[in-house]
Amino acid sequence: MTFAPAPYMEWAKKRPRPRIDLAGSNLLACRLEDLPGAREAVELAGESPEGYPPLREAIARRYGVAPAQVATGIGCSGANFLALSALLEAGDELVAETPYYDPILAAARMAGAGVRTFERRLADNFDVDPDAVEAALTPRTKVVVITNPHNPSGVLASPARLAGLARLAERRGLRVLVDEVYLDATHEPGARSAAHISPRFVATNSLTKSYGLASLRCGWVLADDETVARVRRVRDAVDVWSPMPADRLSTLAFRHLAVLAERSRRIVEANRAAVRRVLAARSDLTLVMPKATIAFPRLESGPSADAFVERLFAETGTAVAPGRFFGAPGHFRIAFGGDPAAVADGLAAVARTLDASS
């Protein structure tokens, strides 16, 4: 069997360079000028044996937790890998959502765990259904994993459904990993980390999708002291600690998070409005309007969107991500965290190609 733990990531790295990229899902990258004091902050020397202390303290302040409840990792994917390696052993089982983000499933399999899935249904606006989760559980299940906002749809789980999932986890003695990498990109008043909902929840996040700082690779895990200690021991076997310049710049970013959040809000609100204006009312698509910077429309013309995705790229140079990489081949994922002018151009290309296909 071909070794291919995360097909989406392999495709994302090897695909041809598009003219307009609506497939890559990072927020528009910051320049040094967007982060006050960045040029002066870089210094090569330093140590971070349990994570760079000023960075862990900054993350802890951001969430109102103790530094002992924070572990750092290389981006949110790195944080997910560390957390799942700490929570799972060979022979355990993970229950994950579908549509899914496949690097999460790959991390569980690389830890030696089996993977079962439950559906986040389009008919339910991709919300989390605790009953569907429970139906997928077996005696081997140790961890349930969700993304919130959901990747690929960009939809936030409702507070009532998250509370129901917390009750299920407490009743069945499970841990729930919640990947929150798009949470701050929603700019929803009162949105809070799942780490505050239940001690059974483990939350991961990074500065990537919401703040335009992908190159710093700053990710973190929020959990109870014991789980965080296990995550740190896993990291000892992976990369020990992050590059010091990145950790120092990440600490600086937390000091200026309000400035970065306002930059993000301007970009995201303009682009979300464009998605609504161009795509939401089309009869050839079914679209649940997202809260984050990704959307997952279903093409109504057939069971697979692959031909449309290929035509869009060939005729307009615009890239979107095929839904087959997320377990939903009739869909395609649009990422709209980029430059508003480029996003508007790309959405117009999507609309023209849909019109020509009808």
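Residues numbered from 1 in each chain as written. Predicted model: local features only at pLDDT ≥ 70, side-chain atom pairs only at ≥ 80, totals over all residues. Heavy atoms only, no water.

(A) Representation of the environment of arginine 282 in the model. Tracing the backbone through its elements, the reader meets arginine 282 in the loop between α11 (257–279) and β9 (285–286). By relative accessible area, arginine 282 is classed as buried at 17%. Separated by 157 residues in the primary sequence, arginine 282 and asparagine 125 have C-alpha atoms spaced 17 Å apart. With residues near it in sequence (within four places) discarded, arginine 282 still touches Ala351, Leu354 and Asp355. Within polar-contact distance, the side chain of arginine 282 engages the side chain of aspartate 284 at 2.9 Å. (Helix = DSSP H or I, 4+ residues; strand = E, 2+ residues; numbered from the N terminus. Buried < 20%, exposed > 50% of the residue type's maximum accessible area, 1.4 Å probe, protein only. Contact = heavy atoms within 4.5 Å. Polar contact = N/O pair within 3.5 Å; in protein donor to acceptor, adjacent residues only side chain to side chain.)

(B) Seen up close, the sheet that holds strand β3 (residues 93–98). Strands sit in the order β2-β8-β7-β6-β5-β3-β4 across an open sheet of 7 strands; the sheet is mixed. Pairing within the sheet leaves two strands with one partner each, and these edge strands are β2 (70–74) and β4 (114–119). Put simply, the sheet's adjacent strands are angled 25° from each other on average, direction ignored. Bridging between strand β7 (residues 201–206) and strand β8 (residues 218–222) involves 4 bridges; their strand directions are antiparallel. Bridge pairing in β8 links alanine 203 to leucine 222. With respect to the sheet, helix α5 (residues 102–110) is in contact with β3, β4, β5 (141–147) and β6 (175–179), its orientation differing from that of β4 by roughly 150°. (Pairing = 2+ DSSP bridges. Axes fitted to C-alpha atoms, helices over the stretch in contact; angles between N-to-C directions.)

(C) Representation of empty space enclosed by the protein in the model. For the structure shown, the criterion picks out 2 cavities of 30 Å³ or more. Here the largest cavity defines a volume of roughly 70 Å³. Breaking the lining of the largest cavity down by element, the ones donating at least two residues are β2 and α9 (225–236). For the lining of the largest cavity, the leading source of residues is α9, giving 3 residues. (1 Å grid on protein atoms, 1.4 Å probe; cavity = no way out; pocket = protein on both sides within 12 Å on 5 of 7 lines; lining within 4 Å. Points joined across faces, edges and corners; volume = space filled by probe spheres on them.)

(D) Quick peek at the environment of alanine 163. Inspection of the secondary structure puts alanine 163 in helix α7 (residues 159–172). Once the C-alpha coordinates of alanine 163 and proline 130 are considered, the two residues, 33 residues apart in sequence, prove to be 9.1 Å apart.

(E) How the structure looks around the pairing of β5. The buried count for β5 comes to 6 of 7 residues, which makes it a mostly enclosed element. Sheet topology note: the β3/β5 ladder contains 4 bridges and is parallel. Bridging across to β5, alanine 96 finds its partner in valine 145. Pairing analysis gives 5 bridges linking β5 to β6, with the strands arranged parallel. From the neighbouring strand, threonine 147 faces β6, where its bridge partner is aspartate 179.

(F) Quick look at the pattern of salt bridges. On inspection of all chains with the given rule, the structure shows 25 salt bridges. One salt bridge connects aspartate 236 with arginine 233, and the closest N-O pair in it is separated by 2.8 Å. Here the residue aspartate 236 and the residue arginine 233 both occupy positions in helix α9, the gap between them amounting to 3 residues, near one helical turn. Among the residues examined, arginine 233 registers a relative accessible area of 41% and is labelled partly exposed. Of the charged contacts, one joins arginine 266 and glutamate 262 as a salt bridge, the two residues approaching to 3.8 Å between their closest N and O atoms. (Salt bridge = Lys/Arg side-chain N within 4 Å of Asp/Glu carboxyl O.)

(G) Looking closely at the pairing of β7. Among the 6 residues of β7, 6 are classified as buried, and the element is accordingly described as predominantly covered. Of the two faces of β7, the one lined by Phe201, Ala203 and Asn205 and the one lined by Val202, Thr204 and Ser206 are each fully buried. Note that β6 and β7 share 4 bridges and pair parallel. Bridge pairing links aspartate 179 to threonine 204 in β7.

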